[in-house]
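# Breakdown of the fold
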Amino acid sequence: MPSAPTSSTFSLKSILDLIVYFPVVSYLMGFLEDFIIDVLKTGPVPTHVAFVMDGNRRYSKAKNLPLKDGHSAGAETLVSVLDVCFRLGVEHVTVYAFSIENFNRSSEEVDTLFGLLRDRLKQMSEHEESYARLNKVRVRIIGNKSYIPEDILRDLDKVEEITKQASTRRTLNVCFPYTSRDDITNSLKNIANKVATGEIASKEDITLEILRENNYFGPDVPLLDILIRTSGHTRLSDFMLWQANYNCTIEFVNTLWPDFKFFSITSLLLKWSYYKTLQLEERYIQGIKDDTDYTKRMELLKDLPPPPPFASVSER
Amino acid sequence: MTSSKLSDHVRAETNASPSLTDITRDVSTEIPALSSVSPISSSSQHPPNSIRSRGLAQISKELANSMITTKPPGANSNISGNSIPKSHLYTTPGPPTTVVSNVMFYFHHVLLLSLFFVISIYKNINYLYRRLLLKFYTLTYYPNKSPQIIRDDVNRLSKIPKVISCILDLKDDDDENGGIDGLINQISELSAWTVSAGIPQLVIYEYNGVLINNKGNLAQLKRYISKNLTLYYGTDLVPNYSIRIPHKNLIIYSDPAVTAKEELSLEILLLSRVDGKPTIVELTKTMSELAINKELSIKDISIELIDEELLELVGPEPDLLISFGPSLDLQDYPPWHIRLSEIYWEPDNKDVSYAVFIRALQQFSNCKVNVGK
């Protein structure tokens, strides 16, 4: 390791970190976290959250660490964020692990990332008491699998297979290697294929819904509620464009991904919960009960109590 | 398979004219529309999910109400279907069963509601602060109807986008800058700023497409833009521009004599929600049909082909996307086109102001795009 950053050794943050990670304190912090999650649980909770995990490299540069350590710090954050989401009752968590455009990086880094991802996913599902299996999390690989090397693909398929049986509502979607344009193209191709083979009767049957069902995510994944991108870039970078552009909260936060801890995620979820409550309240006032049913508003007239009897001059 | 053939197919499906139609003369003979000519159903005025802001007093009252009226679930069940149950505060863990968990649930829920109460106070203070800040920016950056000032502001930046896109809201008729007139006014201001900044293409996205569906509104839009540009450039030297509606394949030129693309200083495109996902659906239909007829092999469907078609059918990919709403809401903007667009919005901003426009350009000049790297 190169020279340690001396200036930051006695910074306020490091002292705070020392206090926070002191055994007794971290034990108490665990209680606090449980409590906060219990409180948040009683409000509206999103069903599908997506993360663009940006900032691992900048983190390692800032901390003077080798690139690999930055990526593993990011992987650790992912586990803790996942834990919070699943404990809260979020059903689907989607992470942008690797973009097809990332193949432009140096082959050394690409190999590191591939290896790291495989190791982490394996580690999460290998044993009976490892994270994914203990918590009954289903792991899905989403994206263009033709880009993945043979040996890694075999391991990933195995991970998917092991976690599949878990009868569970918790799913981790790992987008690897994924871009949204590739996703849309793939969906188009699938549909063209189905029309050619007669699975879809005529072209008039093609609808928005069918396009959504034929993308990499498949029909069972609920609509996206929040998309969170760390490290301050205000771009979607080809991630879930189809899903994120309607009825979805997009959050750009300045924190680097490895620093994205418990309070960062809970505050964003609290904010979402707050706005959702307001929105539900507003719909409640307007008489709309759920997202899909706007015609309900029309029935307000029928819900009114009947008026008094008519008294008309023509019917004497 | 030539690409133009594909998009022709799609256009035939959507009843658009097969070739780019010039309706400049049409529009200039049309009597400018009164807003009563184009009745729009009030239900389609707003996209369903923009969160509208409400006053502090109202929110506090409602939160306090819901704190008091929170009843245990048993009490709700015997009320007749007439009154709507309180369950719209939906909960994931299901109805708590035992007494202890019931009490704990409401203890936590009350805490959450008090937290919301605190947040609502904080949000309102924050709202005030942001509005003041925006007021300050509006005073700092003022174009003064002078292209020179705008160009000076822009020349301090290291780079500018080539295509800029703005998401505009159709406000209520009674609001300030509301209704179709307000929208037209906003577009005319935006086009003056864009042309003065030296940006050649401006894409306007409005969810309902009220301007697109009515020729009278288009005539009015053209008149207003020309009028506004006269204020900036004087009567003699008004820059030439065109207004294009990709969905209907129509184009309007400011000066019928100038139609060459090189001579136009600004190209304005008007989009609405039909240009987004519905257009991709149309493209899918066309491609599947061609695939059945063996005119297109499924293997040939690639990102490049779709990209080419959508560029033709919808327009260019914006480099900078500015949302002029109070919170970031993409409102079903064409998904294919926002891949790498830099997104800018000003929290709690409701107006289309020059300050927001120039700040968006400033952010764009500072951003670094590295595809994948």
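As shown above, the structure is provided for reference.
Structural notes, computed from the coordinates. (Residues numbered from 1 in each chain as written. Chains lettered and ligands numbered in written order. Predicted model: local features only at pLDDT ≥ 70, side-chain atom pairs only at ≥ 80, totals over all residues. Heavy atoms only, no water.)

## Notes on the overall build of chain A
Within chain A one finds 12 helices and 6 strands. With respect to the principal axes defined by its C-alpha atoms, chain A has extents near 100 × 55 × 40 Å. Of all 316 residues assigned to chain A, the portion counted as buried reaches 49%. Carbon and sulfur atoms make up 57% of the accessible area of chain A, which totals about 16,200 Å². Averaged over its 38 positive side-chain charges, chain A has a centre that lies 2 Å from the centre of its 43 negative ones. (Helix = DSSP H or I, 4+ residues; strand = E, 2+ residues; numbered from the N terminus. Buried < 20%, exposed > 50% of the residue type's maximum accessible area, 1.4 Å probe, protein only. Areas by Shrake-Rupley, 256 points an atom, 1.4 Å probe, with all protein chains shown as cover. Lys, Arg positive; Asp, Glu negative; His and termini not counted. Charge placed at Lys NZ, Arg CZ, Asp CG, Glu CD.)

## Side note on the pattern of salt bridges
By the definition in use, this model includes 29 salt bridges over all chains. Where E342 of chain B meets R235 of chain A, a salt bridge forms, and the shortest distance between an N and an O atom there is 3.0 Å. Residue E342 of chain B is found in strand β8 (residues 342-345), and its partner R235 of chain A is found in the loop between β5 (226-229) and α10 (241-244); the two belong to separate chains. In this structure, E342 of chain B and R235 of chain A share a single accessibility class: buried. The closest approach of N and O atoms between D351 of chain B and R131 of chain B, which form a salt bridge, is 3.9 Å. Placement of the pair is D351 of chain B in the loop between β8 and α11 (354-366) and R131 of chain B in helix α5 (residues 99-140), with a sequence separation of 220 residues. For R131 of chain B, a relative accessible area of 26% puts it in the partly exposed group. Among the charged side chains, a salt-bridge network with shared partners connects R118, K122, D151 and D155 of chain A. (Salt bridge = Lys/Arg side-chain N within 4 Å of Asp/Glu carboxyl O.)

## Here we look at a negative patch on the surface
Residues and elements named next belong to chain B. There is a patch of like negative charges on the surface, built from D172, D173, D174, D175, E176 and D181. Looking at where D174 falls in the secondary structure, it is placed in the loop between β2 (163-168) and α7 (179-197). Residue D174 is classed as exposed on the basis of its relative accessible area of 75%. (Patch = residues over 30% accessible without salt bridge, like charges linked within 9 Å, V, L, I, M, F, W, Y side chains within 5 Å.)

## Considerations on the side chain of S288 of chain B
Tracing the sequence through the fold places S288 of chain B in helix α9 (residues 277-292). Those residues in contact with S288 of chain B that sit more than four places away from it in its chain are I191, A192, V195 and I206 of chain A. (Contact = heavy atoms within 4.5 Å.)

## A look at the interface of chain A and chain B
Across the contact, 64 residues belong to chain A and 66 residues belong to chain B. Buried area between chain A and chain B, both sides added, is near 6,300 Å², and the carbon and sulfur share of it is 65%. Ranking the residues of chain A by area buried against chain B places R181, R235 and Y274 of chain A at the top, with a combined share of 13%. For the pair chain A and chain B, the number of links is 6 salt bridges. Taking the shortest distance from any N to any O, the salt bridge between R181 of chain A and E317 of chain B comes out at 3.2 Å. (Buried area = accessible area lost by both parts, 1.4 Å probe.)

## Section: the packing of helix α4 (residues 67-88) of chain A against helix α11 (residues 262-286) of chain A
To characterise two packed helices, one gives the angle between the axes of the helices and the distance between these axes. Residue and element names in this part refer to chain A. Between α4 and α11, whose axes approach to 9 Å, the crossing angle comes to 40°. Judged by the twist between their axes, the crossing of α4 over α11 is right-handed. Of the residues in α11, those in contact with V81, V84, C85 and L88 of α4 are F262, I265, T266 and L269. When the residues that make up the contact of α4 with α11 are grouped by side-chain class, the tally is 7 nonpolar, 1 polar and no charged. (Axes fitted to C-alpha atoms, helices over the stretch in contact; angles between N-to-C directions. Left-handed = near helix turned anticlockwise from the far one by under 90°. Nonpolar A, V, L, I, M, F, W, Y, C, P; charged D, E, K, R; others polar.)

## Section: helix α2 (residues 23-41) of chain A
Between its terminal C-alpha atoms α2 of chain A stretches 27 Å, which fits the 27 Å expected from 19 residues at 1.5 Å a residue. Burial in α2 of chain A covers these residues: I37, V39 and L40 of chain A. Burial along α2 of chain A is one-sided: seen end-on, the buried residues are contained in an arc of 155°. Structural note: α2 of chain A exposes V24, Y27 and L28 of chain A on the side pointing more than 90 degrees away from its buried face. If you follow the buried residues of α2 of chain A, they end up packed against α4 and α11 of chain A together with α5 of chain B. (Expected span 1.5 Å × (residues − 1). Arc of directions from axis to C-beta.)

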